[in-house]
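Here is what each chain is made of, one letter per residue.
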Amino acid sequence: MVDAITEFVVGKIGNYLIEEASMFMAVKEDLEELKTELTCIHGYLKDVEAREREDEVSKEWSKLVLDFAYDVEDVLDTYHSKLEERSQRRGLRRLTNKIGRKMDAYSIVDDIRILKRRILDITRKRETYGIGGLKEPQGGGNTSSFRVRQLRRARSVDQEEVVVGLEDDAKILLEKLLDYEEKNRFIISIFGMGGLGKTALARKLYNSRDVKERFEYRAWTYVSQEYKTGDILMRIIRSLGMTSGEELEKIRKFADEELEVYLHGLLEGKKYLVVVDDIWEREAWESLKRALPCNHEGSRVIITTRIKAVAEGVDGRFYAHKLRFLTFEESWELFEQRAFRNIQRKDEDLLKTGKEMVQKCRGLPLCIVVLAGLLSRKTPSEWNDVCNSLWRRLKDDSIHVAPIVFDLSFKELRHESKLCFLYLSIFPEDYEIDLEKLIRLLVAEGFIQGDEEMMMEDVARYYIEELIDRSLLEAVRRERRKVMSCRIHDLLRDVAIKKSKELNFVNVYNDHVSQHSSTTCRREVVHHQFKRYPSEKRKNKRMRSFLYFGELKFLVGLDVETMKLLRVLDLGALRGPFASNGDLIHLRYLRFDGDSLRHFDIAAIISKLRFLQTLDASHLCPIYDTIDLRKLTSLRHVIGRFFGNLLIGDAANLQTLRSISSDSWSKLKHELLINLRDLFIYEMIRSVPVSWASLTKLRSLRVLKLETYGRNLSLELEEAVRSMDVISPSLESVTLVRITFEEDPMPFLQKMPRLEDLILENCDYSGGKMSISEQGFGRLRKLQLFMERLDELQIEEEAMPNLIKLEIKVFERETKLIIPNRLRA
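Cut-off values and rules
- Residues numbered from 1 in each chain as written.
- Predicted model: local features only at pLDDT ≥ 70, side-chain atom pairs only at ≥ 80, totals over all residues.
- Heavy atoms only, no water.
- Pairing = 2+ DSSP bridges.
- Helix = DSSP H or I, 4+ residues; strand = E, 2+ residues; numbered from the N terminus.
- Axes fitted to C-alpha atoms, helices over the stretch in contact; angles between N-to-C directions.
- Phe/Tyr/Trp six-rings, centres within 6.5 Å; stacked < 30°, edge-to-face > 60°.
- Buried < 20%, exposed > 50% of the residue type's maximum accessible area, 1.4 Å probe, protein only.
- Parallel < 35°, antiparallel > 145°, perpendicular 65-115°, else oblique.
- Left-handed = near helix turned anticlockwise from the far one by under 90°.
- Contact = heavy atoms within 4.5 Å.
- Nonpolar A, V, L, I, M, F, W, Y, C, P; charged D, E, K, R; others polar.

Caption draft 1: Geometry of the sheet that holds strand β27 (residues 769-772). The strand order β27-β29-β31 describes an open sheet built from three strands, whose pairing is parallel. On the outer flanks of this sheet lie β27 and β31 (816-818), each paired with one strand and no other. Taken pair by pair, the neighbouring strands of this sheet meet at an average axis angle of 10°, ignoring direction. Direction of pairing for β27 relative to strand β29 (residues 792-795): parallel, over a ladder of four bridges. Paired with Met-770 across the two strands is Leu-793, which belongs to β29.

Caption draft 2: Just the packing of aromatic side chains, in detail. The full count for this structure, using the stated rule, is 17 aromatic pairs. Residues Phe-335 and Phe-340 carry aromatic rings whose centres are separated by 6.0 Å and whose planes lie at 90° to one another, so their mutual orientation is edge-to-face. Take Phe-340: its relative accessible area is 8%, and that puts it in the buried class. Linked through ring pairs, Phe-8, Tyr-423, Phe-447 and Phe-505 together constitute an aromatic cluster.

Caption draft 3: Seen up close, the packing of helix α16 (residues 365-375) against helix α18 (residues 402-411). Interhelical geometry of α16 versus α18 gives an angle of 30° and a closest axis separation of 9 Å. One element, α16, and the other, α18, form an angle in the roughly parallel class. Considering only the axes of α16 and α18, their crossing is left-handed. On α18, the residues that touch Leu-366, Cys-367, Val-370, Leu-371 and Leu-374 of α16 are Ala-402, Val-405, Phe-406, Leu-408 and Ser-409. Residues of the contact of α16 with α18, tallied by class, amount to nine nonpolar, one polar and no charged.

Caption draft 4: A look at the packing of helix α14 (residues 328-339) against α16. One way to put it is that α14 packs onto α16 with a least axis distance of 8 Å and a crossing angle of 30°. Considered as vectors, α14 and α16 are oriented roughly parallel to each other. Considering how the two elements wind past one another, α14 and α16 form a crossing that is right-handed. Facing Ser-331, Leu-334, Phe-335, Arg-338 and Ala-339 of α14, the residues of α16 in contact are Pro-365, Ile-368, Val-369, Leu-371, Ala-372 and Leu-375. Partitioned by chemical class, the residues of the contact of α14 with α16 number nine nonpolar, one polar and one charged.

See the structure below:
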């Protein structure tokens, strides 16, 4: 595991020597020596890692290397921070720069000398105690581009989750869900040990076409061991999709009892299905049941739990269903689906080896898919190596194979993927992880390197998809054939937490205890209660990341001024104040609720964060302040409801801009937005209308959302647009909100060749017929028309051959539909 950290630090030294050569000129040779020595040690670490069991001496030596690597990073980042801070001084303070630079130079020379002595001592200890064999560092010449190309070839085609061995269970439970004679609220409990597929089965039922047609109101929530009743209720309310954004902002301040009453009111008199995933104690259900009406509409609740007493402890009418282990035949079927994707010829010896390993999994699906994910990337000749490694680790049949398989799969990962997996430990149990957010965090942490061929975000996505491909991470939601959210299974999360603890990589505080009590951990995460976060931790000068996952609380005592090495600051629902004098030159990621502006002057702070990559104020509250980002030339993602002026300068790196007013948009140099992929523009009343010609200049744009307040829009009036045969060739998703069309928009929209999702929300068209031609929308997969008025919709027989989802709702009067039978429900 330590090899992942050392390789990361070696890369960081290399980056400093290349990108900041002038700053580190005085210690260039010493840094080169450190880098060389650490690279050699990395080779020995790989040898230690390859052993089936580490002896105590090797463990202690590895810990020395780990501490050394972290200290190297601290020294370089601190020196870089000091020099950057001095370069920004103005007035009389500039006069002290010359003396200050000399002092800083002397200081880093001394620090590097101490580090050199330490690494020589580490090398001597390795030789004295005979740790590791001589391993030439492998892959040292590999570029990021080469690694990503290898990864791209290794990736399998995206596959929907296949549930094997649960067909009979699904059939039984589906009958219970759809029982028309059962009019009362009925509870279905699915129970069994972790890794059996309880959540997968519940999701299969939840997404069943029959269930969607039967239950108009569906919601999914998770509980886990550490839960807050208010959070569970809010997740149900959001999942139902019945509440506006403004209303959600209002009710999130409710007490638990008020949320219970509110949710009860939403569901009263309605036929609903609510899935409550991963309950650990009966009290959690007791807190929820008051909010779920016991009506006579045939409503259903599905509960998943590992504990039989919880499954059978619900009151009212219920059915408890125990999941079994897979038979060997079912296990082998599940294994075959995943393990042989890249193997053309399966000989008898390979099948025998595979079956021996599957037998050891004892019918546990999670263990089987992780093993299959590991072997799917191996050549047939390497299967025996994995099998032998498995046998050596199994002393006897009393040891369960799952933890060993998980560990083997982790060790097989490249160092970037290891860091990605370890980073998953920051998220709360059962948390649905937004993939784009995870990608932005990984890039901000410095774990990802891009190149001329691929942007860092694309590289990060490939590493995450490798974890999904290996079944170390589960894809939860997909859009446009891309994974949009994911979740890590509890058992695998335990592995990530355990390894993060051993590496002093992440420290998580929850309502009960800290994962470990290190005072030097670089990444601190708080779940739930900030007030229980120890005061001495709030001034950790070595901290690189602070993230908060919890309810609305006031921020007290987090001394950001002392955290000059901070790269990630995710305040979540914490409220200010905090201050910064602009010294956070390492900060790459800042997230806060828009409501925080009421408590501190975030606008002034943001304008000083020159190297910021991600600004995320994505909470529901609009931001009316002027936000000046003109000096932030490294910005890649700007997210928030920016109702005031949003000033942007050199935006060549900008990929995400959600959302910006049409007034602010009109002032930008659109031709410079060469990497912009995701754009949301809204028009206020009496604001400057959006020019469609400005949008056609965005050659990388993939996702567009345009929201107005009922403005009339003629899509083809502009000469620059009307003459085009193809418009926005990279666009994949278009959402238009509250627009009044003067003519049929479909001929215009059909000029977008890659469009997969088209949503017209609360739009109005009184011009008669809307038509989609036979050549229209060759790639479109989702079409949603939520119209105020639409007299007639005609879809030609051969139009939209790839369409999967069609929704049409017209509010004012009935619409004449002339559509192919294949598109009728």
